Amino acid sequence: MNYSRVPIKHFDPDNRVKSLDVQTLVPYTIEEVAAEASRCIGCGLCIEGCPARIDVPGFQIAVKNGNLAEGLKINFEKLPFVGVCGSVCPHPCEDNCLLDDNNGPVATRHIKRFISENSPDYREMLDVVQNDLGGHPRVAIIGAGPSGLSAAFYLSINGIQVDVFEQTEKPGGMMVHGIPDFRLSRDTVEKETDHVLSYGAKIHYNAKIGRDVQFDELVQKYDAVYIAIGNWKPSKTRTPGVDLKGVYHALDFLGQVNYGKKIEVGESVAIIGGGFTAFDAARISFRLGAKKVIVMYRRAVTDRPGYPSSNANEELDEAEEERVQFIWEVTPIEYVGENGKVKGIKYWKNEMVDKGTGRREPVPIKDKEYLVEVDTVIEATGQKGDFSFIPREMMKKINVTPSGDLIVNQYNMTSFPGIFAGGDITNSRKDIISGVADSGRASMGMLFYFKDMGKIDSVPAKLINFERGPYGESYY
Ligand SMILES: Cc1cc2nc3c(=O)[nH]c(=O)nc-3n(C[C@H](O)[C@H](O)[C@H](O)COP(=O)(O)OP(=O)(O)OC[C@H]3O[C@@H](n4cnc5c(N)ncnc54)[C@H](O)[C@@H]3O)c2cc1C
Ligand code: SF4
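Cut-offs used in this document
- Residues numbered from 1 in each chain as written.
- Chains lettered and ligands numbered in written order.
- Predicted model: local features only at pLDDT ≥ 70, side-chain atom pairs only at ≥ 80, totals over all residues.
- Helix = DSSP H or I, 4+ residues; strand = E, 2+ residues; numbered from the N terminus.
- Rg over C-alpha atoms; globule rule 2.2 N^0.38 Å.
- Buried ≥ 20, exposed ≤ 12 C-beta atoms within 10 Å, placed from the backbone.
- Contact = placed C-beta atoms within 7 Å.
- Axes fitted to C-alpha atoms, helices over the stretch in contact; angles between N-to-C directions.
- Parallel < 35°, antiparallel > 145°, perpendicular 65-115°, else oblique.
- Left-handed = near helix turned anticlockwise from the far one by under 90°.
- Nonpolar A, V, L, I, M, F, W, Y, C, P; charged D, E, K, R; others polar.
- Arc of directions from axis to C-beta.
- Near = placed C-beta within 6 Å.

Novice: Explain the overall build of the protein to me, and be specific about the residues and the numbers.
Specialist: For the protein, the helix and strand inventory stands at 18 helices and 15 strands. Taking 476 residues into account, the globule formula puts the C-alpha radius of gyration at 23 Å, and the protein, at 23 Å, falls close to it. Its C-alpha atoms give the protein principal-axis dimensions of roughly 70 × 65 × 45 Å. The buried share among the 476 residues of the protein stands at 46%. For the protein, the proportion of contacts with a sequence separation of at least 24, taken over those separated by at least 6, is 70%.

Novice: Provide a residue-level description of the packing of helix H14 (residues 250–258) against helix H15 (residues 276–287), including the pertinent values.
Specialist: Remark: H14 packs on H15, axes separated minimally by 10 Å, with the N-to-C direction vectors making an angle of 50°. By the angle between their directions, the pair H14 and H15 is classed as oblique. Like other packed secondary-structure pairs, H14 and H15 cross with a definite hand, here left-handed. Residues Ala250, Phe253, Leu254 and Val257 of H14 form the contact with H15, whose participating residues are Thr277, Ala278, Asp280, Ala281 and Ile284. Here the contact of H14 with H15 is composed, by residue class, of 7 nonpolar, 1 polar and 1 charged.

Novice: Account for helix H12 (residues 186–196), naming residues and giving values.
Specialist: Every buried residue of H12 is accounted for by Thr188, Val189, Glu192, Thr193, His195 and Val196. With its buried residues spanning 160° around the axis, H12 presents them on a single face. Away from its buried face by more than 90 degrees, H12 exposes Asp187 and Asp194. Contacts made by the buried residues of H12 are with helix H6 (82–88), helix H8 (108–117), helix H9 (122–126), helix H10 (146–156) and helix H11 (174–177).

Novice: Go over the site of ligand 2 with me, naming the residues and quoting the values.
Specialist: For ligand 2, the set of nearby residues contains 17 residues, the closest of which are Cys40, Cys43, Cys46, Cys97 and Val106. Taken together, the elements giving at least two residues each to the shell around ligand 2 come down to helix H3 (45–49) and helix H4 (56–64). When residues of the shell around ligand 2 are assigned to their parent elements, the largest contribution, 3 residues, is made by H4. Residue classes in the shell around ligand 2 are distributed as 12 nonpolar, 5 polar and no charged.

Novice: Residues and numbers for the site of ligand 1, please.
Specialist: Near ligand 1 lie 37 residues; those nearest to it are Gly143, Gly145, Gly173, Gly230 and Gly423. Of all the elements in the fold, those that place two or more residues in the shell around ligand 1 are H10, H11, H15 and helix H18 (432–452). Across the shell around ligand 1, the residue classes break down as 18 nonpolar, 13 polar and 6 charged.

Novice: Any details on the environment of proline 332? Residues and values, ideally.
Specialist: Topologically, proline 332 is positioned in strand S10 (residues 330–338). It is 8.5 Å that separates the C-alpha atoms of proline 332 and arginine 298, two residues lying 34 residues apart in sequence. Residues in contact with proline 332, not counting those within four places in the same chain, are Thr239, Ile272, Met296, Ile345 and Tyr347.

What follows is the structure, encoded as structure tokens:
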């Protein structure tokens with residue numbers, strides 16, 4: 001038996017940067033996927049690494065045996081977005097793999113992508129039996145991102161009436177507004193959003209809560225509300241020059257590009273930040289015609305978000321293949337302009353100091369200033385949830401963390417009975433799989449809540465599985 005991880009091929013970087021939708025990774029062939037799945041020794045350590053506690057070895061065995069339908073079903077117990085996570089999940093499960101030190105962890109994410117891309121009709125393959133729990137309470141879901149849509153799926157297959165309110169004109173949340181097509185194909189997102197909505201959930205587009213529909217109306221009309229609005233409020237810096245032409249926040253920048261707008265970025269672009277969003281904004285800039293793209297981050301390469309992990313290494317490799325440059329450990333002082341348009345960034349170098357907080361802190365060395373000339377600056381400096389639609393009196397009863405996230409219990413209910421929340425506005429990982437895991441806990445929590453309120457007769461036994469996570473062993 002060959003224990004080495006089957007390498008994943010990359011499309012030619014010089015070619016792929018010419019287009020916004022040429023994928024980065026070449027999917028495994030059937031021979032490659034069978035060889036890779038066969039490496040799994042079934043120890044199960046990966047399950048603890050996965051926020052949704054997916055039975056990873058179970059689906060590796062199914063794939064090894066050529067049973068894709070079984071592999072798909074095992075994933076669907078905890079994850080209705082198999083293809084999405086097969087493309088872009090940061091795969092923390094792989095960091096737990098026993099084979100990590102022994103020729104590479106089993107390529108769980110790539111195997112997941114294979115399952116999805118080779119399962120043309122989910123409905124037919126899954127053959128989901130929809131439950132009737134003896135009542136049909138109504139749930140309003142705010143936000144059609146991965147967390148809101150996963151909750152819509154779990155609830156509608158259990159006979160709950162679901163209305164999803166989405167402020168934009170399409171489903172997917174950051175899967176379509178943030179993550180670029182060259183990492184996550186829009187066909188994959190469409191296939192999976194169409195599928196989750198095919199079990200009866202109704203979706204209302206261009207329905208922004210707080211503008212088109214009021215939050216207290218939802219609380220009155222529905223038996224429970226699930227808030228899954230994601231982090232859509234850009235956190236801009238106060239760097240002098242931030243209002244110059246040519247300075248963008250990454251969310252606005254990526255949102256416009258993903259809506260088909262051609263932004264003129266000029267020859268050279270600087271990105272401020274070091275997370276998912278910074279890397280995507282950098283790689284998009286090449287695809288918009290930039291010749292030089294620099295990511296400037298205040299911490300060291302080994303202190304960047306997500307490090308250490310195999311995903312952080314892959315992210316850096318893919319960006320470096322496309323010739324993204326990096327300036328680590330810097331503090332921008334000013335965005336320098338001419339005639340109202342940005343033309344450079346003045347900055348200090350930082351030193352990383354251990355202040356005993358558990359993470360080294362960047363401290364600027366102020367005795368020398370540096371300048372880099374650029375035509376565009378993109379601030380990938382974070383984003384927050386916008387809860388301005390929640391009336392003040394109600395908001396007073398909802399507990400929040402110091403950083404502004406909503407605090408929820410083990411079933412993702414907030415401190416306001418009947419109001420549940422999940423996704424980026426509640427969890428600290430801020431990735432898709434964590435938002436999906438939240439939706440599973442919340443769906444189960446809502447069913448228990450409805451049972452307690454006498455609105456349904458029973459909670460399905462299969463939804464209760466505390467052994468491998470707080471929700472269903474199987475829905476089928
Ligand atoms: C550039 C970028 C790259 C990323 N890359 C990855 C990656 O590779 N892997 C990964 O796992 N994660 C990645 N993420 C993070 C991931 O996209 C999020 O963790 C995930 O989408 C969060 O899901 P969610 O359902 O909580 O919110 P979102 O996906 O943000 O969806 C929230 C939805 O709510 C809607 N909404 C907001 N306010 C209202 C309102 N008032 N009324 C009605 N609707 C409203 C929004 O329009 C949106 O559709 C990335 C994020 C960004 C920005
Ligand atoms: S940790 Fe690795 S070897 Fe162990 S079950 Fe998971 S994928 Fe298989």
